[in-house]
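Spelled out from the first residue to the last, the chains are:
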Amino acid sequence: MNMMKRKREDMEIVWQTPANPPERHDYIFRNGIRYVKPYYFEFISHVKNRWAGKTVVDLFSDEFKGRPRDYYESAIKSGRIQVDGQNVPVSYVVQSSQKISHFLHRHEPPVMSWDVEILCEEPDVLTVCKPASVPVHPCGQYRKNTVVGILQAEYGLAPLFPICSSLLLTLMEAVHRLDRLVSGLLILARSASRADLFRQQIESGAVQKRYIARVIGVFPDKQQVVNANVNYNAREGRSTVEVGDDQGNCTASLKGKTACTKFTRISTNGKHSIVLCEPVTGRTHQIRVHLQYTGHPIANDMLYLSEFVSSRSAEGLSADRAAARSCSPPEPMSLEKGISDAENDSVEDFSIDPMCTNCPNLAPKGYEGNEEGLWLHCVKYSGPDWIYECPHPDWASL
C-alpha cells in the first residue's frame, strides 16, 4: 500500500493519501454500526476570493466551525496547517489562490452495518442494493464509509481509472442519485460510455423509476399525481413545495423547479400505507416533500413530518429496527475500550492523537451512531432495452 510519511511535531507520522483505497481492516463493527478506524489525512484547498485578506486562523475559525479556535491556533503553530507548503504564523494574512493545507486525524461518521449486496454484475454495469445511511460517493466527512468505499474494501474493486492525463474519475460512477438515508437499487456504470448512455436516457425521459414508501395514514385508493414545484434550500438541507393560486396564476414567480410524481397505494393497515412512487422528474427530496404535500409524509421522516409530530405514533417516530435487522443504537465507542468486542476480528491498538479534538472517541463529535434509514426504497429502474430491480425491504409488508 502506498503510504506517505512526513515530519510533524518532531515525530514521523504515516497517513493515507486519497489514492489509497479503503481496505477490509479499516472497519470496525459494533452493535449494528460500521465505524472507520481514524486515519491521518491532508485536506488541500485554494484560497477563495472571499477568504483573501483574512488571517489564517480567522479563515479556519470562520469557515470550518467543527473545531475550536484554540485548536486551529495550535495546528498552525505546529505546522499542521500550512500555506503554500510552508509554516506560517497565526497572524499570517492569506491571499487569493494560495494553497492551504490541513493535516489532521480524521474520524469518519458511522453508518449502519448492513452489507452492500451486489445484485447484478455485468462488464460495464454493476447494480447493488444500497443500505440506508450510507452515502454513495465520498462527500463531506465520508470517504471510506460510502458505497464505493465499501465495494472497494470488501469486493476488491479498483478505485480509479484514467480518463485523460489530467482527470481521474471513479471507476463506478453512479448513474442516478440516492440520498444517504434512502435504500434500494443503485446502478453503477463501470465505463464512461455506459454512464453517458444512461445519463442521456434519463435526461430524455426514457427511463422509468419506481420507489416504495411507508407513509402516515390511509393513502387514497386512486392514483394521485402531484405537479408542484420543488424549491431546495441548501442552507437548511430541505425542500419546500410551491404552487400557484387556484386559478393557476403567478406561476412565473415561483422559484422552485417543476416537479411531478405519481403515487399509487399498494396496501394499508389503517395506520400506515405502502405507496408506489414514480417520479417523473428528479428534484432533491422530491418524493419526500411531495408525499408531505399530499398529507401522507413518510412515517419516519423527521425532516418532513413537521405538523404531524403531535399525532404520529411511536412506531412512526423511528425506523422499524426489527424489520431493518439492526440492533439498538450503541453508546459512542471509545478507542480505549470495546475494540475486542467488535464483530470483526480486529484487536489493533489505536494511538490517540494528542491534538485531535475527536479522540478518544471513534466517531466524530455529533455522530453517535443512532441514525436510522428512511422508509423509502428504490425498487426498479427501466430503460428502452434494460431493466434492473431490487427486492422489497421487510418494512414494506403491512
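Because the structure is predicted, anything quoted here is derived from the model rather than measured. (Residues numbered from 1 in each chain as written. Predicted model: local features only at pLDDT ≥ 70, side-chain atom pairs only at ≥ 80, totals over all residues. Heavy atoms only, no water.)

K.L.:
Even after reading the chapter, I still don't get the overall build of the protein chain, so can you show me in this structure?
P.N.:
Each helix and strand counted, the protein chain has eight helices and 22 strands in total. Every one of the 398 residues in the protein chain was classed for burial, and the buried ones make up 49%. For the protein chain, the share of sequence-separated contacts (at least 6 apart) that also reach a separation of at least 24 residues comes to 67%. Carbon together with sulfur atoms contributes 48% to the accessible area of the protein chain, which is approximately 19400 Å² in total. (Helix = DSSP H or I, 4+ residues; strand = E, 2+ residues; numbered from the N terminus. Buried < 20%, exposed > 50% of the residue type's maximum accessible area, 1.4 Å probe, protein only. Contact = heavy atoms within 4.5 Å. Areas by Shrake-Rupley, 256 points an atom, 1.4 Å probe, with all protein chains shown as cover.)

K.L.:
Looking at this structure, how should I read the sheet that holds strand 8 (residues 111-112)?
P.N.:
By definition, the strands of a sheet pair up through backbone hydrogen bonds, in either a parallel or an antiparallel sense. Taken together, the three strands give an open sheet; going across it, the order is 3-4-8, and neighbouring strands pair in antiparallel fashion. For this open sheet the edge positions go to strand 3 (27-30) and strand 8, each flanked by a neighbour on one side alone. Bridge analysis of strand 4 (residues 33-36) against strand 8 gives two bridges, and the strand direction is antiparallel. From the neighbouring strand, isoleucine 33 faces strand 8, where its bridge partner is methionine 112. (Pairing = 2+ DSSP bridges.)

K.L.:
What is the right way to look at the state of the cysteines in this model?
P.N.:
Two cysteines form a disulfide when their sulfur atoms are joined by a covalent bond. With the rule as written, the count across this model stands at zero disulfides. No disulfide involves cysteine 356; its sulfur sits 3.8 Å from that of cysteine 359, the nearest cysteine. (Disulfide = S-S within 2.5 Å.)

K.L.:
What is the right way to look at the sheet that holds strand 6 (residues 81-83) in this model?
P.N.:
What the three strands build is an open sheet, ordered 5-7-6; its pairing is antiparallel. Bordering the open sheet on either side are strand 5 (39-46) and strand 6, each of which pairs with just one other strand. Taken pair by pair, the neighbouring strands of this sheet meet at an average axis angle of 15°, ignoring direction. Bridge analysis of strand 5 against strand 7 (residues 99-106) gives eight bridges, and the strand direction is antiparallel. The partner of serine 45 across the bridge, within strand 7, is isoleucine 100. The sheet strands contacting helix 2 (residues 69-78) are strand 6 and strand 7, and the helix crosses strand 7 at an angle near 110°. (Axes fitted to C-alpha atoms, helices over the stretch in contact; angles between N-to-C directions.)

K.L.:
What am I meant to see in the pairing of strand 4 here?
P.N.:
In regular strands, side chains alternate between the two faces of the sheet. Every second residue of strand 4 is oriented toward a common face, with Ile33 and Tyr35 on one face and Arg34 and Val36 on the other, all of them buried. The sheet contact formed by strand 3 and strand 4 spans four bridges and is antiparallel. Residue pairing across strands places phenylalanine 29 opposite arginine 34, the latter belonging to strand 4. Hairpin connection from strand 3 to strand 4: two residues lie between these consecutive antiparallel strands, with asparagine 31 at a positive phi of about 55°.

K.L.:
I tried to follow helix 1 (residues 56-63) on my own but got confused; where do I start?
P.N.:
Since there are 3.6 residues in each turn of an α-helix, residues three or four apart along the chain are aligned in direction. Those residues of helix 1 not exposed but buried are Val56, Val57, Leu59, Phe60 and Ser61. Lining the buried residues of helix 1 we find helix 2, strand 6 and strand 7.

K.L.:
Mind showing me how you'd approach the pattern of salt bridges here?
P.N.:
Two side chains that carry opposite charge are able to pair once their charged atoms sit near each other. One pass over the full model with this rule turns up 14 salt bridges. Across the pair aspartate 58 and arginine 69 runs a salt bridge whose closest N-O atoms are separated by 2.9 Å. In this pair, aspartate 58 is assigned in helix 1 and arginine 69 in helix 2, connecting sequence segments eleven residues apart. Owing to a relative accessible area of 39%, arginine 69 belongs among the partly exposed residues under this scheme. (Salt bridge = Lys/Arg side-chain N within 4 Å of Asp/Glu carboxyl O.)

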